[in-house]
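Letter by letter, the chains look like this.
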Amino acid sequence: MSKFSAKETEFSQLEDALQSPIVILHLGDNTLTLAKTRRILKTSKHCSIIADTSTSSKKLPKIKTLYYSLVALKKLRQQLCHEYSLSDMSLIGIYPSLQYPACVYQLHTNADRYISANVLPRDNSAVIGTIKYFIGRLLGANPAVGGLGLLVHRK
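Rules used throughout
- Residues numbered from 1 in each chain as written.
- Predicted model: local features only at pLDDT ≥ 70, side-chain atom pairs only at ≥ 80, totals over all residues.
- Heavy atoms only, no water.
- Helix = DSSP H or I, 4+ residues; strand = E, 2+ residues; numbered from the N terminus.
- Expected span 1.5 Å × (residues − 1).
- Polar contact = N/O pair within 3.5 Å; in protein donor to acceptor, adjacent residues only side chain to side chain.
- Patch = residues over 30% accessible without salt bridge, like charges linked within 9 Å, V, L, I, M, F, W, Y side chains within 5 Å.
- Areas by Shrake-Rupley, 256 points an atom, 1.4 Å probe, with all protein chains shown as cover.
- Salt bridge = Lys/Arg side-chain N within 4 Å of Asp/Glu carboxyl O.
- Pairing = 2+ DSSP bridges.
- Axes fitted to C-alpha atoms, helices over the stretch in contact; angles between N-to-C directions.
- Core = buried A, V, L, I, M, F, W, Y, C linked by side-chain atoms within 4.5 Å.
- Buried < 20%, exposed > 50% of the residue type's maximum accessible area, 1.4 Å probe, protein only.
- Contact = heavy atoms within 4.5 Å.
- Parallel < 35°, antiparallel > 145°, perpendicular 65-115°, else oblique.
- Left-handed = near helix turned anticlockwise from the far one by under 90°.
- Nonpolar A, V, L, I, M, F, W, Y, C, P; charged D, E, K, R; others polar.
- pLDDT = per-residue confidence, 0-100.
- Phe/Tyr/Trp six-rings, centres within 6.5 Å; stacked < 30°, edge-to-face > 60°.

> Would you explain helix α6 (residues 126–139) in this entry?
With 14 residues, α6 ought to run about 20 Å at 1.5 Å a step, and its terminal C-alpha atoms sit 20 Å apart, in line with that. Sitting at the amino-terminal end of α6 is S125, which places a side-chain oxygen 3.3 Å from the backbone nitrogen of V127.

> Whenever I open this one, a nonpolar patch on the surface confuses me. Can you help?
A contiguous nonpolar patch, built from L27, Y67 and Y68 and spanning about 310 Å² of accessible area, is present on the exposed surface. Along the chain, the position of Y67 falls in helix α4 (residues 59–83).

> Explanation requested: the sheet that holds strand β4 (residues 101–106) in the structure shown.
One open sheet accounts for five strands, arranged β1-β2-β5-β3-β4; its pairing is mixed. Edge positions in the sheet fall to β1 (22–24) and β4, since each has one partner strand and no second. On average, adjacent strands in this sheet sit at an angle of 25 degrees to one another, irrespective of strand direction. The pairing of strand β3 (residues 86–96) with strand β5 (residues 147–154) spans eight bridges and is antiparallel.

> Hey, could you run me through the nonpolar core in this one?
One broad rule of soluble globular proteins: the nonpolar side chains tend to lie buried together. Counting 30 residues, the largest nonpolar core has L25, I49, L73, L80, L148, L150 and V152 as the members making the most contacts within it. For this core, the elements supplying multiple residues, two or more each, are α3 (30–43), β2 (46–52), α4, β3, β4 and β5. Ignoring any residue separated from it by four or fewer positions in sequence, one finds I49 in contact with V23, L25, T33, T37, L73, L76, L80, L148, G149 and L150. Grouped together as the second largest cluster of nonpolar side chains are nine residues, L18, I22, I92 and L98 included.

> Please explain the packing of α3 against α4 as it appears in this structure.
Angle between the axes and distance between the axes are the two parameters that describe a pair of packed helices. Look at α3 against α4: their axes get within 11 Å of each other, and the N-to-C directions meet at 45 degrees. On the basis of the axis angle, α3 is oblique to α4. For the crossing formed where α3 meets α4, the hand is right-handed. Along the contact surface, α3 presents N30, T33, L34, T37, R38 and L41, while α4 presents A72, L76, Q79, L80 and E83. Across the contact of α3 with α4, the residue classes tally to five nonpolar, four polar and two charged.

> Please explain the pairing of β3 as it appears in this structure.
Two faces make up the sheet, and in a regular strand the side chains alternate between them. Counting buried positions along β3 gives eight out of 11 residues, so the element sits mostly inside the fold. As judged from the five bridges shared by β3 and β4, these two strands associate in the antiparallel manner. Residue pairing across strands places I92 opposite Q106, the latter belonging to β4. The antiparallel hairpin formed by β3 and β4 contains four residues in its connecting segment.

> What is the right way to read the confidence of the model for the protein from this model?
Note that predicted coordinates carrying low pLDDT should not be read in detail. Summarising the model, the protein shows a mean pLDDT of 87, and 94% of its residues fall at 70 or more. For the stretch residues 1–6, pLDDT sits under 50, and the model shows two contacts to residues farther than four places along the chain or on other chains.

> Hey, could you run me through the packing of aromatic side chains in this one?
Geometry of an aromatic ring pair is reported as the spacing of the ring centres plus the angle between the planes. Scanning all chains against the criterion turns up two aromatic pairs. Each ring, one from Y133 and one from F134, has its centre 5.5 Å from the other, and the planes form 70 degrees; the classification is edge-to-face. For F134, a relative accessible area of 54% corresponds to the exposed category.

> Would you mind going over the side chain of S69 with me for this structure?
Looking at where S69 falls in the secondary structure, it is placed in helix α4. Separated by 2.8 Å, the side chain of S69 and the backbone oxygen of T65 make a polar contact.

Have a look at this one:
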């Protein structure tokens, strides 16, 4: 079994939830991710680019990965907007992990506010909760998410 197909089956539940083909974001190589996305968009009207943000159990590396994933997804979003006539593009959050997504929601919407307030884990400490809130506001995504994604729909 190839490495690519092994990754595909690893995220089969996420692919079922998103109802679209999945491209895994390679943080070090956006051109590879863009090439795979272009290949899928030639045959399909939609695809999803996903990034795993829960690669570390330590807080600082996780926040760093979250930040770099958001930056990379936003760059890909701009590049794809210039190349294709797209009907919709949206950033999504995935919780708790890419392998077992219990919640997939669009960022910066009412769903994001609801999920952040009622579904994502909270800390008992008010100080830590406040820090997480400010990090989430600064980055644009709650640090508790297990993954981020970009849904791309072309006309």
